[in-house]
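Observations on the three-dimensional arrangement
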Amino acid sequence: MSLRWRYEDESGTPVTGPDVDFPDQDTAEAWFGDAWAGLLATGVAQVVLLDCDTELYGPMSLHPPA
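Residues numbered from 1 in each chain as written. Predicted model: local features only at pLDDT ≥ 70, side-chain atom pairs only at ≥ 80, totals over all residues. Heavy atoms only, no water.

Moving on to the pattern of salt bridges. Under the criterion given, the structure shown has 3 salt bridges. Here arginine 6 ties to glutamate 8 by a salt bridge, and the two come within 2.9 Å at their closest N and O atoms. Through salt bridges with shared partners, a single ionic network connects Arg6, Glu8 and Glu55. (Salt bridge = Lys/Arg side-chain N within 4 Å of Asp/Glu carboxyl O.)

Take the nonpolar core next. By size, the foremost hydrophobic cluster in this structure holds 12 residues: Leu3, Trp5, Tyr7, Phe22, Ala28, Phe32, Ala35, Leu39, Val44, Val47, Leu49 and Leu62. Within the residue set of this core, elements represented by two or more residues are strand S1 (3-8), helix H1 (25-41) and strand S2 (46-51). With 4 residues, the single largest contributor to this core is H1. (Core = buried A, V, L, I, M, F, W, Y, C linked by side-chain atoms within 4.5 Å. Buried < 20%, exposed > 50% of the residue type's maximum accessible area, 1.4 Å probe, protein only. Helix = DSSP H or I, 4+ residues; strand = E, 2+ residues; numbered from the N terminus.)

Moving on: unusual backbone geometry. Residue proline 59 is reached from glycine 58 by a cis peptide bond, and omega for that bond is 5°. Within the secondary structure, proline 59 sits in strand S3 (residues 54-61). The backbone of cysteine 52 sits at a positive phi, close to 60°, despite the residue not being glycine. Along the chain, cysteine 52 turns up in the loop between S2 and S3.

Once that is clear, we can look at the packing of aromatic side chains. For the structure on display, the rule yields 3 aromatic pairs. Seen from their ring centres, tryptophan 5 and phenylalanine 32 are 4.9 Å apart, and the 35° between their planes marks the pair as tilted. Here the residue tryptophan 5 occupies a position in strand S1, and phenylalanine 32 occupies one in helix H1, the gap between them amounting to 27 residues. The same class applies to tryptophan 5 as to phenylalanine 32, namely buried. A centroid spacing of 6.2 Å and a plane angle of 75° characterise the contact between tryptophan 5 and tyrosine 57, whose relative ring orientation is edge-to-face. Residue tryptophan 5 is found in strand S1, and its partner tyrosine 57 is found in strand S3; the two are separated by 52 residues along the sequence. (Phe/Tyr/Trp six-rings, centres within 6.5 Å; stacked < 30°, edge-to-face > 60°.)

Structure follows, in structure tokens:
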């Protein structure tokens, strides 16, 4: 298992973000919990969690609920 986040803009187009691989979902989600505000500040609007090329879940917005 090799998990990573795909970073996207508002329209779902991939954008550049940190290239980090995680050994498991818990570690990926813990990292995201610490990093989401910084990602949002750099233009990332949503993320998708991937296991290799398989989407586990997402897109998940980084914006607070309205």
